[in-house]
Amino acid sequence: MRSRLEPFFFPALAWSQPVYVCELTKKKYRGKIAAMTNAPRRLYDALREYEKVLCLMERVGSFAFMRFLADANGPGHGSLMQRTEIAASEVATTLACIEYELQALDKASFKKFLSAHCLAPYRGFMKTTRSRRTHTLSEPEERMLDQCRLHGRNVMLRLYDERMAAKRYAFRANGAVRFLSDANLDSLLATTDDRRVHRAAYRAVTQGLKEDAGEMAVIATALAADRIAEAKVRGFKNVEAQVLDVHDVDPKIADALVTAVSEAAPLLRRFYQLKSRM
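Residues numbered from 1 in each chain as written. Predicted model: local features only at pLDDT ≥ 70, side-chain atom pairs only at ≥ 80, totals over all residues. Heavy atoms only, no water.

Novice: Help me understand the overall build of the protein chain, please; the structure alone is not making it clear to me.
Specialist: Helix and strand counts for the protein chain come out as 12 helices and 2 strands. Across the protein chain, helices and strands are ordered from the amino to the carboxyl terminus as α-α-α-α-α-α-α-β-β-α-α-α-α-α. Since a compact globule built from 278 residues should have a radius of gyration of about 19 Å, the 24 Å found for the protein chain marks it as more spread out than a globular shape. The principal-axis extent of the C-alpha atoms belonging to the protein chain is close to 75 × 50 × 35 Å. For the protein chain, the proportion of its 278 residues judged to be buried stands at 33%. Nonlocal contacts in the protein chain, meaning residues at least 24 apart in sequence, comprise 69% of its contacts between residues at least 6 apart. (Helix = DSSP H or I, 4+ residues; strand = E, 2+ residues; numbered from the N terminus. Rg over C-alpha atoms; globule rule 2.2 N^0.38 Å. Buried < 20%, exposed > 50% of the residue type's maximum accessible area, 1.4 Å probe, protein only. Contact = heavy atoms within 4.5 Å.)

Here it is as structure tokens:
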């Protein structure tokens with residue numbers, strides 16, 4: 001597995017490196033952003049260090065996630081994911097002081113930073129950070145919310161991934177029964193156009209999901225409640241509004257997309273009805 005993840009590989013304690021670096025970055029720049037108005041190059045250096053720490057943490061997280069995705073029930077894979085998520089949370093909350101200070105700048109100072117040529121690569125980040133100050137909580141509240149997410153939402157997501165990775169579906173064909181994973185079924189369906197095989201796979205997956213419907217409903221309910229609570233705390237009208245804000249999507253564009261898809265649904269339904277008769 002390591003050979004396929006070579007660009008992302010980190011030793012067992014790799015997550016400690018970005019945590020250590022982010023502490024140094026915090027001590028170096030906390031409380032000093034506003035004083036950099038006449039020296040934008042210093043803010044560039046701060047944002048560059050911020051970016052490097054986040055990229056390092058992303059590489060560690062990518063390795064842990066892909067190893068977990070390849071074998072969710074492998075020895076140590078789940079615990080590595082958890083430790084990496086804890087480290088990522090620590091990095092994000094520690095370095096959030098830079099974002100808080102950008103949000104707290106007066107309009108004149110912020111405009112001066114935006115006009116600085118050396119900060120051109122970070123203008124998008126600065127504008128996005130500034131635009132989200134309405135829904136950003138205080139630093140202690142953000143840290144507490146992050147801990148709730150870490151030990152609540154993330155745990156439920158990992159549980160779901162583990163259950164789905166371990167799930168085997170009873171595939172019945174030609175008088176024999178084989179217990180196949182979701183990936184095995186995908187590979188099988190990609191190699192044949194036999195409608196009987198496709199129907200057998202459909203029945204296997206449908207029955208398998210029905211068997212776990214109760215547990216999956218509990219996970220889905222917990223995740224939905226968590227997202228609703230966070231949206232409410234941050235002052236959003238609903239979860240959809242928060243998701244659109246996070247991804248910088250105009251609500252009008254999202255509404256237009258939903259309308260277009262809904263209007264085309266009858267055509268898509270007719271296509272699948274005709275295909276089912278083949």
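Novice: Explain helix α6 (residues 139-151) here, please?
Specialist: Side chains that are three or four residues apart share a direction in an α-helix, a result of its 3.6 residues per turn. The end-to-end C-alpha distance of α6 is 19 Å, a good match for the 18 Å that 13 residues give at a rise of 1.5 Å each. For α6, the set of buried residues is E139, E142, L145, D146, R149 and L150. Seen end-on, α6 carries its buried residues on one side only, within an arc spanning 140°. Opposite the packed face of α6, turned more than 90 degrees from it, sit the exposed residues P140 and M144. In the core, the buried residues of α6 are packed alongside α3 (77-104), α7 (153-166) and α10 (213-233). (Expected span 1.5 Å × (residues − 1). Arc of directions from axis to C-beta.)

Novice: What exactly am I supposed to notice about the packing of aromatic side chains here?
Specialist: Remark: the centre distance and the inter-plane angle together describe each pair of aromatic rings, the angle taken between the planes. Scanning all chains against the criterion turns up 3 aromatic pairs. Summarising the aromatic geometry, the rings of Y50 and F125 are spaced 5.9 Å apart at their centres and angled 65° between planes, so their arrangement reads as edge-to-face. Placement of Y50 in helix α2 (residues 40-70) and of F125 in helix α5 (residues 123-131) is noted, with a sequence separation of 75 residues between them. What makes Y50 buried here is its relative accessible area of 6%. Residues F271 and Y272 carry aromatic rings whose centres are separated by 5.2 Å and whose planes lie at 70° to one another, so their mutual orientation is edge-to-face. Using a relative accessible area of 45% as the deciding quantity, one classes F271 as partly exposed. (Phe/Tyr/Trp six-rings, centres within 6.5 Å; stacked < 30°, edge-to-face > 60°.)

Novice: Just to check I follow, could you spell out the layout of surface pockets for this structure?
Specialist: Think of a ball as big as a water molecule: rolled over the atoms, this probe shows where empty space is left. As a volume, the largest pocket reaches approximately 1600 Å³. Lining of the largest pocket is provided by 43 residues; of these, A92, E99, D146, R149 and R234 occupy positions nearest its centre. Residue assignment for the lining of the largest pocket shows that the elements contributing at least two residues are α2, α3, α5, α6, α7, α10 and α11 (239-246). Here the lining of the largest pocket takes 12 residues from α3, the largest share from any one element. Looking at the lining of the largest pocket residue by residue, the classes come out as 16 nonpolar, 13 polar and 14 charged. (1 Å grid on protein atoms, 1.4 Å probe; cavity = no way out; pocket = protein on both sides within 12 Å on 5 of 7 lines; lining within 4 Å. Points joined across faces, edges and corners; volume = space filled by probe spheres on them. Nonpolar A, V, L, I, M, F, W, Y, C, P; charged D, E, K, R; others polar.)

Novice: Would you explain the pattern of salt bridges in this entry?
Specialist: A pair can form between side chains of opposite charge whenever their charged atoms are brought close. Summed over all chains, the structure comprises 17 salt bridges. Two residues, D194 and R196, come together in a salt bridge whose shortest N-O distance is 3.2 Å. Its relative accessible area of 63% is what places R196 among the exposed residues. Linked by salt bridges that have partners in common, E142, D146, R149, R153, D226, E230 and R234 make up one network. (Salt bridge = Lys/Arg side-chain N within 4 Å of Asp/Glu carboxyl O.)

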